[in-house]
Amino acid sequence: MRLWLFLALFGLAGPAWSGSANDFDFWLGQWNLTWGSDGQATNQVSRILDEQVILEQFDARPGDQLAGMSVTVYDAKADQWKQTWVDNTGAYLDFTGGLAPDGSMELFRPAQTAEGQPMLQRMVWYNIRPNSLDWNWERSTDGGASWQTVWKIHYERQPDGR
């Protein structure tokens, strides 16, 4: 409830997110991921638990030691998507959001800077095509008025990835 109120106060939540349980279908499949000059990973995204939950399995090993997973569900009553991420660093992150008017998918969470100041973090899936998409990890220290891209990943569907 606090997150919803926080997002509503900053204009990040509202009726523009009229979603459905199929909004994340574009993400399903097996993907090769690239970022920067040499970052690489794979990501397998599938439906589980009677098709009601989306399971993501991210693995950047051996080049980067990060491996993690998320579970994502559509909450029809709240008309929003909810995602929980965990990984091999012990991180636990939780997000809410949905489909933006421009067709991108945006999930948000409140957080704090290293100095303890409030900030917002968001993930944005965009440039969505049948066999590719882009994903950004972003942060805002001004309540969502501006965003800084922290990590940009390009997805390419594996040839037999769906």
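Values in this document were obtained by computation on a predicted structure and should not be read as measured data.

Asker: It is not clear to me how the overall build of the protein chain should be interpreted in this structure. Could you clarify?
Answerer: When helices and strands are counted, the protein chain shows one helix and 10 strands. Scanning the protein chain from its N terminus toward the C terminus, one meets helices and strands in the order α-β-β-β-β-β-β-β-β-β-β. By residue count, 45% of the 162 residues in the protein chain fall in the buried class. As displayed, the protein chain has an accessible area near 8,900 Å², and 52% of this comes from carbon and sulfur atoms.

Asker: Help me out: how do you make sense of the nonpolar core in this one?
Answerer: In summary, soluble globular proteins display a tendency toward joint burial of nonpolar side chains. Phe24, Trp27, Leu33, Phe58, Trp125 and Tyr155 are the most contacted members of the largest nonpolar core, which has 27 residues in total. Ignoring any residue separated from it by four or fewer positions in sequence, one finds tyrosine 155 in contact with Trp27, Trp31, Asn32, Leu33, Asn43, Glu56, Asn131, Ser132, Leu133 and Trp135.

Asker: Got a minute to help me understand the environment of glutamate 156 in this structure?
Answerer: With respect to the element layout, glutamate 156 can be found in strand S10 (residues 148-157). Between the C-alpha atoms of glutamate 156 and leucine 33, which are 123 residues apart in sequence, the distance is 6.4 Å. Each residue touching glutamate 156, except ones within four places of it in the same chain, is listed here: Gln30, Trp31, Asn32, Asn131 and Ser132. In terms of polar contacts, glutamate 156 uses its side chain to reach the side chain of histidine 154, at 2.6 Å.

Asker: It is not clear to me how the sheet that holds strand S8 (residues 118-129) should be interpreted in this structure. Could you clarify?
Answerer: Hydrogen bonding along the main chain pairs the strands of a sheet, whether they run parallel or antiparallel. Strand order in the closed barrel made by the 10 strands is S1-S2-S3-S4-S5-S6-S7-S8-S9-S10, with antiparallel pairing throughout. Pairwise comparison of adjacent strand axes, ignoring direction, gives a mean angle of 25° for this sheet. By the bridge criterion, seven bridges tie strand S2 (residues 39-48) to strand S3 (residues 53-59) in an arrangement that is antiparallel. Within S3, the residue paired with arginine 47 across the bridge is isoleucine 54.

Asker: Is there a simple way to think about the pairing of strand S4 (residues 67-75) in this case?
Answerer: Looking along a regular strand, one sees the side chains alternate between the two faces of the sheet. Pairing analysis gives six bridges linking S3 to S4, with the strands arranged antiparallel. Its bridge partner lying in S4, glutamine 57 is registered against methionine 69. Counted between consecutive antiparallel strands, the loop separating S4 from strand S5 (residues 80-87) contains four residues, among which aspartate 79 sits at a positive phi close to 50°.

Asker: Quick question: what am I supposed to make of the pattern of salt bridges here?
Answerer: Oppositely charged side chains can form a pair if their charged atoms are brought close together. The full count for this structure, using the stated rule, is five salt bridges. Taking the shortest distance from any N to any O, the salt bridge between arginine 61 and aspartate 59 comes out at 2.9 Å. On the basis of relative accessibility, which here comes to 25%, the residue aspartate 59 falls in the partly exposed class. Of the charged contacts in the structure, one is a salt bridge between arginine 122 and glutamate 138, with a shortest N-O distance of 2.5 Å. Of this pair, arginine 122 sits in strand S8 while glutamate 138 sits in strand S9 (residues 132-140), placing them 16 residues apart in sequence. Here the two residues arginine 122 and glutamate 138 agree in accessibility, since each one is buried. Members of the salt-bridge network, linked through shared partners, are Glu106, Arg122 and Glu138.

Asker: Quick question: what am I supposed to make of a nonpolar patch on the surface here?
Answerer: Together, Met69, Val71, Val86 and Tyr92 make up an exposed nonpolar region whose accessible area comes to about 330 Å². Take valine 86: it is sitting in strand S5. Under the relative-accessibility criterion, valine 86 is labelled partly exposed at 34%.

Asker: How do you make sense of the side chain of aspartate 87 when you look at a structure like this?
Answerer: Tracing the backbone through its elements, the reader meets aspartate 87 in strand S5. Among the polar contacts made by the side chain of aspartate 87, one reaches the main-chain amide nitrogen of alanine 91 at a distance of 3.3 Å.

About the cut-offs
Residues numbered from 1 in each chain as written. Predicted model: local features only at pLDDT ≥ 70, side-chain atom pairs only at ≥ 80, totals over all residues. Heavy atoms only, no water. Helix = DSSP H or I, 4+ residues; strand = E, 2+ residues; numbered from the N terminus. Buried < 20%, exposed > 50% of the residue type's maximum accessible area, 1.4 Å probe, protein only. Areas by Shrake-Rupley, 256 points an atom, 1.4 Å probe, with all protein chains shown as cover. Core = buried A, V, L, I, M, F, W, Y, C linked by side-chain atoms within 4.5 Å. Contact = heavy atoms within 4.5 Å. Polar contact = N/O pair within 3.5 Å; in protein donor to acceptor, adjacent residues only side chain to side chain. Pairing = 2+ DSSP bridges. Axes fitted to C-alpha atoms, helices over the stretch in contact; angles between N-to-C directions. Salt bridge = Lys/Arg side-chain N within 4 Å of Asp/Glu carboxyl O. Patch = residues over 30% accessible without salt bridge, like charges linked within 9 Å, V, L, I, M, F, W, Y side chains within 5 Å.

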